[in-house]
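Chains, contacts and geometry: an overview
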Amino acid sequence: MNGKKPDEPGYGVLVASLERLLDAARRSSARAVNAVMTATYWEVGRRIVEFEQGGEKRAGYGERLIARLAQDLTGRLGRGFGAANLTQMRRFYLTWPLPAIPQTPSGESAAPILQTVSEKSVSAPAAGRPAGRFPLPWSHYVRLMSVKDPSARQFYEAEALRAGWSFRQLSRQVESMFYERTALSRNKAAMLEKAAKPKPGERAGVEDQIKDPYLLEFLDLKDEYSEHDLEEALLRHLESFLLELGSDFAFVGRQRRLRIGDTWFRVDLLLFHRRLRCLVIVDLKIGRFTHADAGQMHTYLNYARQHWTNEGENPPVGLILCSEPDDALAQYSLEGLPNKILAREYRLALPAERKLASEIDKTRQLLESRRKA
């Protein structure tokens, strides 16, 4: 045979070249979908604003329109078009209207200010797209919308494009007031060069781009990619176990998604306790319990109390379940309860933590034995 053997000289070069080719193709595909998605969201925002301008002028008309659109579009197209997302698209258009170069409050172009801060920055995106108007991923524009100062926002947009900032890099620069610090610095070029280098964990990989929640939502794809098989099986069993304890628990949903600021979270299991008249948020962790788990649950409870709790219901309760081969643990989080009497009532009505921990341990052993069989 004339073909090269895997161990012959040059084979490693071939593998490396193919890896680069496929990696570039995957990145290009993600960028292409992102570009279409971002331009589409801008167009959605434009049409909503123009419809509002031709509609009623009464207070609250915009909110009612968004709510109605969310209901109709979700029914026809599925998730991704809730009120929060549509409001974000409307805001996107209002933040980046035509012409493309953002205007300062005085009405003058922000471009001269941008050049003052960064002589090396790329110029602001040209007007007249919008298909090619937004070269950054949608998640970047969501983050940029939180920047109130138009000059600063344009600076971050230009630098993110020039230096190839990932979402994490952009967020860090905004949070650390990089625009203001650069404007005050005597050595702006050095600061810009340093900012272009990502810190550990900030570099965006291909997987991050392809599995971005916004991208999956836009394409109406299921995002169960991150769940471990064992965790899924364990959670399904615990869901059945809790529902079979009596008639007090009622199922609400699994993998319930919520967005706080620009960050996506998912609640593993959401139940309702009829006697306590409250939501029960269940968070399953494969591994040892950490303080970060408690902090995350506190965030979930605050969100649920504000957005998911109906009038007349009691504050939600959190249940953290941790499973490690030698140390199963169940812990309730009763953040935000107004008094000790209600807390004691919760303790009496909910399953004992020891019983839940025992069930976790027993279930895990059973599942692992099946996997090994």
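1. Remarks on the sheet that holds strand β2 (residues 263–273)
The sheet built from five strands is open, its strands ordered β1-β2-β3-β4-β5 with mixed pairing. Single-partner strands in this sheet number two, and they are β1 (249–260) and β5 (329–333). Direction aside, the axes of adjacent strands within the sheet are offset by 25 degrees on average. In the sheet, strand β4 (residues 317–323) pairs with β5 via five bridges, with the strands oriented antiparallel. Note on β5: the bridge partner recorded for Ile320 is Gln331.

2. Quick word on the nonpolar core
Side chains of a nonpolar character, in soluble globular proteins, are inclined to be buried together. Core analysis: the biggest nonpolar cluster contains 36 residues, and Phe92, Trp96, Trp138, Tyr141, Tyr156, Trp165 and Phe178 have the highest contact counts within it. Looking at this core, the elements with two or more residues in it are α1 (11–53), α2 (61–77), α3 (83–95), α5 (138–144), α6 (150–163), α7 (167–175), α8 (178–184) and α9 (188–195). In terms of nonpolar packing, the next biggest core, distinct from the first, is built from 26 residues, Cys278, Val317, Ala328 and Leu356 among them.

3. A closer look at the packing of α2 against α3
Taken N-terminus to C-terminus, the directions of α2 and α3 make an angle of 120 degrees; their axes are 9 Å apart at the nearest point. Between α2 and α3, the angle falls in the class oblique. Once α2 is placed against α3, the crossing between them reads as right-handed. Touching Ile66, Leu69, Ala70 and Leu73 of α2 are Ala83, Leu86 and Thr87, all from α3.

4. A word on the confidence of the model for the protein chain
Taken residue by residue, the protein chain gives an average pLDDT of 76. The fraction at 70 or more is 75%. Within the model, pLDDT remains below 50 along residues 99–129, and this stretch shows 59 contacts once partners closer than five positions in the same chain are excluded. Residue range residues 223–227 is modelled with pLDDT below 50. Its contacts to residues more than four positions away, or to other chains, number 13 contacts.

5. Looking at the pairing of β2
For β2, the tally of buried residues reaches eight of 11 residues, placing the bulk of the element in the interior. Sheet topology places β1 next to β2; 10 bridges connect them, and they run antiparallel. In the sheet register, Gly253 faces β2, and the bridge partner there is Leu270. Taking the residues between adjacent antiparallel strands as the criterion, β1 and β2 are bridged by two residues, where Gly261 takes a positive phi near 65 degrees. Across five bridges, the pairing between β2 and strand β3 (residues 278–286) is antiparallel. Note on β3: the bridge partner recorded for Leu269 is Val282. Where β2 hands over to β3, the hairpin turn is made up of four residues, of which Arg277 adopts a positive phi near 55 degrees.

Conventions adopted
Residues numbered from 1 in each chain as written. Predicted model: local features only at pLDDT ≥ 70, side-chain atom pairs only at ≥ 80, totals over all residues. Heavy atoms only, no water. Pairing = 2+ DSSP bridges. Helix = DSSP H or I, 4+ residues; strand = E, 2+ residues; numbered from the N terminus. Axes fitted to C-alpha atoms, helices over the stretch in contact; angles between N-to-C directions. Core = buried A, V, L, I, M, F, W, Y, C linked by side-chain atoms within 4.5 Å. Buried < 20%, exposed > 50% of the residue type's maximum accessible area, 1.4 Å probe, protein only. Parallel < 35°, antiparallel > 145°, perpendicular 65-115°, else oblique. Left-handed = near helix turned anticlockwise from the far one by under 90°. Contact = heavy atoms within 4.5 Å. pLDDT = per-residue confidence, 0-100.

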